[in-house]
Amino acid sequence: MGRIHVLPEHVANKIAAGEVVERPASVVKELLENALDAGATRIKISVEAGGKKLIQIVDNGCGMVRDDAMLAFERHATSKIKDAEDLLSVATLGFRGEALPSIASVSRLHLETRAADGAENESGTIIEINGGRMARVEEAGLPVGTSITVRDLFFNTPARKKFLKAESTELSHIASLVTHYALAHPEKHFELHSMANAMLIAPPVAGYSERVYQVFGKETLDQLIAVAAMQPLERVGLPQPPPWRRQEVDADDETRAEVEAPGEMRIHGFVSKPEIQKLNRNSIFVFVNGRLIRDRLVQHALTEAYRNIIPPTVYPVVLMFLELPAGEVDVNVHPSKTEVRFRQQTVMHDFVRDSVRAALMKARPAPQFTTEIRAHATASTGLTSPNLTPGARDWEASSEPAAAAAANPAWNAANDFAVGGFALQAPSAPPLSARFQFEGGIAVEANAAIPVARGLGAKSIDAIPDNGCAPAIDASEEEPTLDSLATLRPLGQIRNSFILAVNGDGLWIIDQHVAHERVLFERILKQRAAQKVESQRLLMPMVLELSPAQQAVFSEIADELQHNGFEAEPFGARSVAVKVAPAGVDAAAVEHMLHELLDQISREEQSLNLEKIRARIAASIACHAAIKVNMPLEQNKMEWLLAELAKTESPMSCPHGRPVVLRYSVKEIQKAFKRI
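Calculation notes
- Residues numbered from 1 in each chain as written.
- Predicted model: local features only at pLDDT ≥ 70, side-chain atom pairs only at ≥ 80, totals over all residues.
- Heavy atoms only, no water.
- Helix = DSSP H or I, 4+ residues; strand = E, 2+ residues; numbered from the N terminus.
- Polar contact = N/O pair within 3.5 Å; in protein donor to acceptor, adjacent residues only side chain to side chain.
- Buried < 20%, exposed > 50% of the residue type's maximum accessible area, 1.4 Å probe, protein only.
- Pairing = 2+ DSSP bridges.
- Axes fitted to C-alpha atoms, helices over the stretch in contact; angles between N-to-C directions.
- Parallel < 35°, antiparallel > 145°, perpendicular 65-115°, else oblique.
- Left-handed = near helix turned anticlockwise from the far one by under 90°.
- Contact = heavy atoms within 4.5 Å.
- Core = buried A, V, L, I, M, F, W, Y, C linked by side-chain atoms within 4.5 Å.

Asks: Would you explain the side chain of Asp 37 in this entry?
Replies: By secondary structure assignment, the location of Asp 37 is in helix H2 (residues 24–37). A polar atom in the side chain of Asp 37 sits 3.0 Å from the backbone nitrogen of Leu 93.

Asks: What is the right way to read the pairing of strand S14 (residues 264–272) from this model?
Replies: For S14, a buried count of seven out of nine residues is recorded, marking the element as mostly surrounded by other parts of the structure. Bridge count between strand S11 (residues 224–232) and S14: nine bridges; the pairing is antiparallel. If you follow Ile 225 over to S14, its bridge partner there is Val 271. As defined by bridge partners, S14 adjoins strand S17 (residues 318–323) across six bridges and the pair is classed as antiparallel. Bridged to His 268 within S17 is Phe 321.

Asks: Help me understand the packing of H2 against helix H6 (residues 167–184), please; the structure alone is not making it clear to me.
Replies: Helix-helix packing: each pair is described by the crossing angle between the helix axes and the interaxial distance. Put simply, H2 and H6 touch, their axes get as near as 9 Å, and they point 20° apart. Considering the angle they form, H2 stands roughly parallel to H6. Of the two possible hands of crossing, H2 and H6 adopt the one that is right-handed. Across from Pro 24, Ala 25, Val 28, Lys 29, Leu 32, Glu 33 and Leu 36 in H2, the residues of H6 making contact are Glu 170, His 173, Ile 174, Leu 177, Val 178 and Tyr 181.

Asks: Can you walk me through the sheet that holds strand S24 (residues 506–511) in this structure?
Replies: With respect to topology, four strands assemble into an open sheet ordered S22-S23-S24-S28, the strand pairing being antiparallel. Edge strands, defined here as strands with exactly one partner in the open sheet, are strand S22 (489–494) and strand S28 (661–665). Between one strand axis and the next, the sheet turns through 25° on average, direction left out of account. As paired elements, strand S23 (residues 498–503) and S24 share six bridges and run antiparallel to each other. By the bridge assignment, Ala 501 is partnered in S24 with Trp 508. Packed on one face of the sheet, helix H17 (residues 635–647) meets S22, S23, S24 and S28 and runs near 115° to S22.

Asks: Where do I start with the pairing of strand S8 (residues 145–151) in this structure?
Replies: Consecutive side chains of a regular strand alternate in pointing toward one face of the sheet and then the other. Most of S8 is tucked away: six of the seven residues are buried. As judged from the six bridges shared by strand S3 (residues 54–59) and S8, these two strands associate in the antiparallel manner. Looking at S8, one finds that Asp 59 is bridged to Thr 146. Bridge count between strand S5 (residues 108–114) and S8: seven bridges; the pairing is antiparallel. Paired with Leu 109 across the bridge in S8 is Val 150.

Asks: Looking at this structure, I do not really get the nonpolar core. What am I missing?
Replies: One broad rule of soluble globular proteins: the nonpolar side chains tend to lie buried together. If you look at the biggest cluster of nonpolar residues, it comprises 63 residues, and the most contacted ones within it are Leu 302, Leu 322, Val 352, Val 356 and Ile 510. Tallying contributions element by element places helix H10 (residues 345–363) first for this core, with eight residues. In this structure Val 352 touches Ile 267, Val 298, Ala 301, Leu 302, Met 320 and Leu 322, once residues within four positions along its chain are discounted. Ranked by size, the runner-up nonpolar core spans 62 residues in total, among them Val 47, Ala 72, Val 212 and Leu 319.

Below, the structure written as structure tokens:
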């Protein structure tokens, strides 16, 4: 990092200033980001009483000389930016120069630092500040790096200290924050200690997959799908840089301006399988250029990626890393630096949505029969570490959402950068050596973890291929997917509602209604795109009475209904006459289907775009035209249905999010019969 300087007033006024110190987790966040900006490869965090009594962060970064160390406690003193234009391309986690003076003003702060090299840096510097007042400055022999100790947070502001949460709650916020920054930087060593308990020790590993395995274990990694994609950026609709920002190149006696290439966007990370469902967005973790953010644009893109795959009222578990040029994202729009603004918002939204959707379509995971029985949408945070949650429940299953939410504090407005999710109990102080005994999992050699677990290498997403697709997975290590549907041999029906089929992967149970619903849904969407929707004329026009809300919705979607095979026109003040309906829907079900569709759209809180309306109409038509339960099927009909289901893009679930297929694997059958 460069030398520290105080920003001019006109530059400082352009910074989204705000309160830095809200609670212990915010102190840890600011100091942790400073350590990462300093190039530290080893970071150790120690806390007491949930950070109320002590917060200590020790790193081996570049350190500071004496003058810089004293200047760092002035407001808007930073080495990250020099002028206002630098705010348009911030490449560091911290840049405002407010963290240290704000923290020092409400605590007893002790700083020890020593710069990396140079004759003048042979000795380090010790600085003590109590409540914003400099108490001691002296030289001392210190190792290279920086150590900051914050004691008695808010000792001089009792009104703010009174509003801190319980120690376990504050510690859960800190644990979650440190864990997720450890996930974002697998090449660095992280430690988190509370009193005598080592809550997290994460040495450097080879990549993101290994870090997830290291922190959360193999069971969590098996529930995730790898995502990796790349897309070049284009300056579509953006003004070109002014002439004085361009490079003038003289060639062939002509002067032309070479504009710097816009760069590219990259996405990598993990998303959960459709059977993993959460009641809120607290399990969505997104990093932009290494910064943990909470962005509505990205969250909406993720919701759109899972549309018609999971129910609209639940959310997936996501751990995603976005990388793009610093000039394409503005991080100076919110005081806590957790909200960002993308320069090309539509491009970013579509890129995230399409990349996640493509990964889901390619993986086509087959839900396990026993897993789906236990699966319930919960409010608890999806990613929980067994090291940080002794005695906690399985990460994806909890039948008590209220209790889970109480034990795992959610991301809220007062603390939107730290997500609780770590149910803390009295530590039993296990031996440190036992923490890394991954059974056949990770061998630590030369300060790097090597994946040796079966199938772990298949999850690696660190090498992004040039074609932008997810990396290939070794078929010998890959679990069966829904591509196996084409090999199924139907045996019969259970109560004329569920098709029983087998293949070499195990026993499969298919819900015949939702399977046909998925087939019809995708067929209707394709026919709508080609404007070749099949319809049927009713023997007698059907008159429907509409409520005021339904009438308003009908007038809004009347054109789209017509494109999907309906022919309806106003018939009186609040009535419509339906003359033509989509093919396959019984005349008796047309009235119920239209009332249900209009009610669903009228209850929608957010405005619906044309694509969502098309999906809603297609899903409603498919549901009412599909094969019903308690309907006997002949052998050739079952074979046809399975063959058509195998051709669909998303055979995992119906358009409403219910599972279509469940698999009872050969391994589970062997276990049940005590064969293994």
